[in-house]
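A structural walkthrough
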Amino acid sequence: MDIRRATDADQVTAAAHLFDTPPREEATRRFLAAGGHHMFLAYEEGVPAGFITGIEIHHPDKGVEMCLYELGVDAPYRRRGIATALITELAALARTLECYDMWVPVDTDNEGALATYRATGARDDGVCAVLTWEFGA
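A short tour of the structure in this document, coming up. All residue numbers here refer to positions counted from 1 along the written sequence of the relevant chain. At least 70 in pLDDT is required for a residue's local features to be given in this predicted model, at least 80 for side-chain atom pairs to be given and counted, and no such filter applies to totals for whole chains, interfaces and linings, which use all residues. Hydrogens and waters are ignored; side-chain quantities use all the structure's heavy atoms.

Considerations on the pattern of salt bridges
A side chain of one charge can pair with a side chain of the opposite charge if their charged atoms are brought near each other. What counts is decided by this rule: The rule for a salt bridge is simple: a side-chain nitrogen of Lys or Arg has to be within 4 Å of a carboxyl oxygen of Asp or Glu. With a 1.4 Å probe rolled over the protein chains alone, any residue whose accessible area is under 20% of its type maximum counts as buried; one over 50% counts as exposed, and the rest are partly exposed.
Using the criterion set out here, one finds three salt bridges in the structure. Between Asp-2 and Arg-4 there is a salt bridge whose closest N-O contact spans 2.6 Å. Residue classification places Asp-2 among the partly exposed residues on the basis of a relative accessible area of 33%. A salt bridge links Lys-62 to Asp-61; the shortest N-O distance between them is 3.2 Å. Judged by relative accessible area, which is 58%, Asp-61 ranks as exposed.

Set out below in structure tokens:
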């Protein structure tokens, strides 16, 4: 497995099958150009097999934390350690950036994601609920 930081839209486009919907070119360029936005792609034999995105969140009285925004591994490549490697890579970056923690929003019924995150050291702090405002596309 080879993990590389995504640096241009062509890399993301080549990994389009990993996303919920095809990446939009302008949104991809903005994400990659934005400070504090991070994406890593995992490759198996040169084929994009997984990705992870993280976003730094800065706050005046807390410092910086890393939000693991999204993680995806293509079905044929699951249960091979790719998700663990991607989480480890993002966590290492967060430590380098002196983030005080890393967190991830996850659906409470997503057993696979919960197991993966717990296996890499994450724990449920038991105090967070995620509420959303939807504004459309």
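Looking at helix 3 (residues 82–96)
Because each turn of an α-helix spans 3.6 residues, side chains separated by three or four positions end up pointing in the same direction. Threshold: A run of H or I in DSSP becomes a helix once it reaches four residues, and a run of E becomes a strand once it reaches two; helices and strands are each numbered from the N terminus. Here the expected length of a helix is defined as 1.5 Å per residue gap, with one fewer gap than residues. Here, two residues are considered to be in contact whenever any of their heavy atoms come within 4.5 Å of each other.
Counted at 1.5 Å a residue, the expected span for helix 3 with its 15 residues is 21 Å, and the 21 Å between its end C-alpha atoms agrees. Buried residues of helix 3: Ile-82, Ala-83, Leu-86, Ile-87, Leu-90, Ala-91, Leu-93 and Ala-94, and no others. Packed against the buried residues of helix 3 are strand 1 (2–5), strand 2 (37–44), strand 3 (47–59), strand 4 (63–73), strand 5 (102–103) and helix 4 (111–119).

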